[in-house]
Amino acid sequence: MSTTNLLRENCERLLAQYNSNIHDIAALQAILIRDILPSVADELELSPEATDWAKEWLEDTRFGRKIPSFEYPE
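Overview of the structure.

So, how was this worked out
Residues numbered from 1 in each chain as written. Predicted model: local features only at pLDDT ≥ 70, side-chain atom pairs only at ≥ 80, totals over all residues. Heavy atoms only, no water. Patch = residues over 30% accessible without salt bridge, like charges linked within 9 Å, V, L, I, M, F, W, Y side chains within 5 Å. Areas by Shrake-Rupley, 256 points an atom, 1.4 Å probe, with all protein chains shown as cover. Salt bridge = Lys/Arg side-chain N within 4 Å of Asp/Glu carboxyl O. Lys, Arg positive; Asp, Glu negative; His and termini not counted. Charge placed at Lys NZ, Arg CZ, Asp CG, Glu CD. Helix = DSSP H or I, 4+ residues; strand = E, 2+ residues; numbered from the N terminus. Buried < 20%, exposed > 50% of the residue type's maximum accessible area, 1.4 Å probe, protein only. Expected span 1.5 Å × (residues − 1). Contact = heavy atoms within 4.5 Å. Axes fitted to C-alpha atoms, helices over the stretch in contact; angles between N-to-C directions. Parallel < 35°, antiparallel > 145°, perpendicular 65-115°, else oblique. Left-handed = near helix turned anticlockwise from the far one by under 90°. Nonpolar A, V, L, I, M, F, W, Y, C, P; charged D, E, K, R; others polar. Arc of directions from axis to C-beta.

**Examining a negative patch on the surface**
Side chains of E49, D52, E56, E59 and D60 sit close together on the surface and give a patch of like negative charge. Of note, E49 is situated in helix 3 (residues 48-59). Using a relative accessible area of 57% as the deciding quantity, one classes E49 as exposed.

Written out as structure tokens, the structure reads:
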């Protein structure tokens, strides 16, 4: 099997796995932002800027939708 075919298959498997779990990912992100981050920010005495950065980082993978398929160059 060529490297290109192997990479294509692996990419397709990862995309399928991600897309099948997107709702769980979004739920976990919401819990972290709503319930965990405020306590951590207080405990560590984070600045508003640091807290905003942490929230932005936690939201980074929040697509709320499926990732489109990847077009492979031939």
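Once you've had a look at it, read on.
**Observations regarding helix 2 (residues 22-43)**
Taking 1.5 Å of rise per residue, the 22 residues of helix 2 would be expected to cover 32 Å, and the 30 Å separating its terminal C-alpha atoms lies within 8% of that figure. Among all positions of helix 2, only I22, Q29, I33, L37 and A41 are buried. As for helix 2, its buried residues are in contact with helix 1 (3-20) and helix 3. Just beyond helix 2, the residue with positive phi is E45, at close to 55 degrees.

**Considerations on the pattern of salt bridges**
Summed over the entire model, instances satisfying the criterion amount to one salt bridge. Across the pair D35 and R34 runs a salt bridge, and its minimum N-O distance is 3.0 Å. By relative accessible area, which is 38% here, D35 ends up partly exposed. Classification of R34 as exposed rests on a relative accessible area of 54%.

**Some thoughts on the packing of helix 2 against helix 3**
The description of two helices packed together rests on the angle between their axes and the distance between the axes. Put simply, helix 2 and helix 3 touch, their axes get as near as 10 Å, and they point 160 degrees apart. Of the possible angle classes, the one that applies to helix 2 and helix 3 is roughly antiparallel. In this structure, the crossing between helix 2 and helix 3 has a hand that is right-handed. Within the contact between the two elements, helix 2 uses Q29, L32, I33, L37 and A41 and helix 3 uses T51, A54, K55, L58 and E59. Among the residues making up the contact of helix 2 with helix 3, the classes are represented as six nonpolar, two polar and two charged.

**Here's the deal with helix 1**
Spanning 18 residues, helix 1 covers 26 Å between terminal C-alpha atoms, matching the ideal 26 Å at 1.5 Å per step. Among the residues of helix 1, those classed as buried are R8, L15, Y18 and N19. On an axial view of helix 1, the arc spanned by its buried residues comes to 95 degrees, and they lie on one face. Turned more than 90 degrees off the buried face of helix 1, the exposed positions are T3, R13, L14 and S20. Buried residues belonging to helix 1 abut helix 2.

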